[in-house]
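As a plain string of letters, each chain reads:
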Amino acid sequence: MTRLHESAFAHGSCTCAACGTMSRRQFLCTGAAGAVAAPALAASVGGRALAQGAPAAGNPGRPLLIKGGCVLTLDRALGDFERADVLIEGQRISAVRPDISAPGAEVIEAADTIVMPGFVDTHRHMWQGILRNVLPDGSLDDYRTVVQRTFGAKYTPDDVYAGDLFSALGAIDSGVTCILDWSHIHNTPEHTDAAVKALTESGVRAVFAYGNPQNETGRFWEMKGHKFPDDIARLRKQYFSSDDQLTTLYMAAPSAAPELILQSFKAARDVDARISIHVGVGEFGRNALLEKLNAEKALKSDTTYIHCCTLNDAEWKLIRDTGGTISIAGYVETLMGHGNPPVQKAIDTGIRPSLSVDVETSVPNDFFQQMRTVFSLQKNEVWARRLAGDKNPPKFLTVREVLEFATIEGARANGLERKIGTLTPGKQADIILLRTDRLNVMPMNNAVGAVVTSMGPHNVDTVLIAGKVMKRNGQLVGVDFARLKRLGDEARERLFSNAKVPPSRV
Ligand SMILES: [Zn+2]
């Protein structure tokens, strides 16, 4: 009786027995608890589970039972549940249904939370984690000058380590459980080792996309000391010999001449690594690059195309016809001059986009911002067409579609749709619990609506990655904040001094 058939219900078409007897309130995952003060609730949750700050999953052999939450599986066959339990054995979800009996399991009480798959980011330059907010007013040109050619050219391996670690821990803290590190800071192989080390230490599910180095001119191919792109063969052997691990390998193909791009595609495919590439960015993106690459038979289903704002129609068809995926970083695209975020264009072409943060130098690190950006942009575009007299405008996006972009479509673009992106038994347990007993969403009337339209990182109570508890009761587990503070301050001081940038913060 707790199964939800929300979309069918919304259209008045669901005829199952449960729907016939459930009230609208029940459909919307309303919490059962009354108006209890939020702090008291927060303190009571988890009493039977992990103590705050305790090692994740206290007993590694013991199952975990997430009990009594409003469960959005985002698996269309499985549906959603007004109230259900999620059983986790080892790294995997073994069952999702109401009233699971699992004697001996460690229980995480999930009343007054929404339980759903973690968010999946398909493109973030994580080395910039120590450069947060360095360019809040900047354009793309400013970004290239300041972030890449001034700071990036002077990065040490220790700076890469600190940047990646901050970005990864910040992602986990905000409910992003899987993230593609679009890593173009490989000035030497030691820079690469440092990035991989930080990702591994953080515990995030990471896709490491190996990219080019940075220097003062932007012409990285003239640099000495770097090993791009051929070092990817070493990385495959040294760090990524199995795909059955938390970190997997991609190639981050450069924005450069087609010959250099083709070289990197070949190096990737030689070691069976998927590919991610920026295309259709600003005026430069109107160069029909994908038509040129297609002439070399280089476009395949193993590639994710980022931004795509200024691609031509032939290029869009090439992406679709070759089975590629796309990543829209809607917020940064509106800020920095990439072009109009192509949400409607993707839908018109028949491609469901994934989402990405891109740069923390001017973009918040959470996915609530990303979801709301593409949602409002698409609706604005449709309204504009209606106001202009369009008699056949596109359909409005729904909040559920946007939530799918942020989860399962991200998993697809990161090559992990068989492992993550929905709460399906057999998949890896990458799960977040979002508090509904907070003043920004209580009383809760609509679960998907609450997540997409009202929540923020402060609603993220608990985060699991591959069955391991990474955040509990609103606090990251096992993170030494005093060490982090030191690491960040030292990296900042060193980097600003090496780059000869005044260290002023105001
Ligand atoms: Zn980017």
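Heads up: these notes are all about the structure in this document.

Each value, and the rule that gives it
Position labels on residues start from 1 in each chain and follow its written sequence. Two thresholds apply to this predicted model, a pLDDT of at least 70 for residue-level local features and 80 or more for giving and counting side-chain atom pairs, whereas whole-chain, interface and lining totals are computed over all residues. Hydrogens are left out, water is left out, and the side-chain values use all remaining heavy atoms of the structure. The way it works is that DSSP assigns letters per residue, a run of H or I at least four long becomes a helix, a run of E at least two long becomes a strand, and they are numbered from the N terminus. Any pair of residues with heavy atoms lying within 4.5 Å of one another is described as a contacting pair. Areas reported as accessible are Shrake-Rupley estimates using a 1.4 Å probe. Residue values count occlusion only from the protein chains shown. To estimate how far a helix should reach, multiply one less than its number of residues by 1.5 Å. The classification of residues rests on relative accessible area computed with a 1.4 Å probe and restricted to protein chains. Under 20% of the type maximum is buried, over 50% is exposed, and intermediate values are partly exposed. Taking the helix axis as origin, the arc is that swept by the directions to the C-beta atoms. Polar contact is the term for a pair of N or O atoms within 3.5 Å; when the atoms are in protein, one must be able to donate a hydrogen and the other to accept it, and sequence-neighboring residues count only if both atoms are side-chain atoms. Only Phe, Tyr and Trp rings take part, Trp by its six-membered ring, and two of them pair if their centres are within 6.5 Å. Stacked means planes under 30 degrees apart, edge-to-face means over 60, and tilted covers everything else. Counted as coordinating are nitrogen, oxygen and sulfur atoms within 2.8 Å of the metal, or 3.2 Å for Na, K and Ca, while water is not included, which may make sites look incomplete. Only two sets of limits are used to name each site, 85 to 135 degrees for every angle of a tetrahedral four-donor site, and over 155 degrees for opposite donors with all other angles from 65 to 115 for a square planar four-donor or octahedral six-donor site, with any other site named irregular.

### Quick look at the overall build of the protein
Move 1: Each helix and strand in the protein was counted, giving 18 helices and 18 strands.
Move 2: Within the protein, contacts between residues separated by at least 24 positions form 73% of all contacts whose residues are at least 6 apart in sequence.
Move 3: Roughly 20600 Å² of accessible area belongs to the protein as shown, and the carbon and sulfur atoms make up 52% of that amount.

### Brief notes about helix α18 (residues 481-498)
Move 1: The first and last C-alpha atoms of α18 sit 26 Å apart over 18 residues, in line with the 26 Å expected at 1.5 Å per residue.
Move 2: Along α18, the residues classified as buried are L484, L487, G488, A491, R492, L495 and F496. Viewed along the axis of α18, the buried residues span an arc of 140°, placing them on a single side of the element. Away from the buried face of α18 by more than 90 degrees, exposed residues A482, K485 and E493 are located.
Move 3: Of the surrounding elements, those touching the buried residues of α18 are α5 (140-151) and α6 (157-173).
Move 4: N-cap assignment for α18: the residue whose side-chain oxygen lies 3.1 Å from the backbone N of A482 is D480.
Move 5: K500 lies just past α18 and shows a positive phi near 55°.

### Some words on the side chain of T303
Move 1: Mapping T303 onto the fold places it in strand β12 (residues 303-307).
Move 2: For T303, a relative accessible area of 0% translates into the label buried.
Move 3: Those residues in contact with T303, other than ones at most four positions away along the chain, are R269, I275, I277, G324 and T325.

### Thoughts on the packing of aromatic side chains
Move 1: Tallied over the full model, the rule gives ten aromatic pairs.
Move 2: For the ring pair F119 and F368, a centre distance of 5.3 Å and an interplane angle of 80° mean the geometry is edge-to-face. Separated by 249 residues along the polypeptide, F119 in strand β7 (residues 119-124) and F368 in helix α14 (residues 367-387) bring together distant segments of the chain. Each member of the pair, F119 as well as F368, is classed as buried.
Move 3: Ring geometry for Y239 against F240: centres 6.2 Å apart, planes inclined by 70°, an arrangement best described as edge-to-face.
Move 4: Residue Y239 is classed as partly exposed on the basis of its relative accessible area of 25%.
Move 5: A relative accessible area of 2% means that F240 is categorised as buried.
Move 6: Three or more aromatic residues joined by ring pairs make a cluster, and in this case those are Y210, F220, W221 and F228.

### Concerning the coordination of the zinc ion
Move 1: For the zinc ion, every protein donor is listed as H123 (NE2), H125 (NE2), H278 (NE2) and D358 (OD), and the spread of their distances is 2.0 to 2.5 Å.
Move 2: Given four donor atoms and angles of 79 to 175° at the metal, the environment of the zinc ion is assigned as irregular.
Move 3: Taken in sequence order, the residues that donate to the zinc ion follow the motif H-x1-H-x152-H-x79-D. In this pair, H123 is assigned in strand β7 and H278 in strand β11 (residues 274-279), connecting sequence segments 155 residues apart.
Move 4: For H278, a relative accessible area of 14% corresponds to the buried category.

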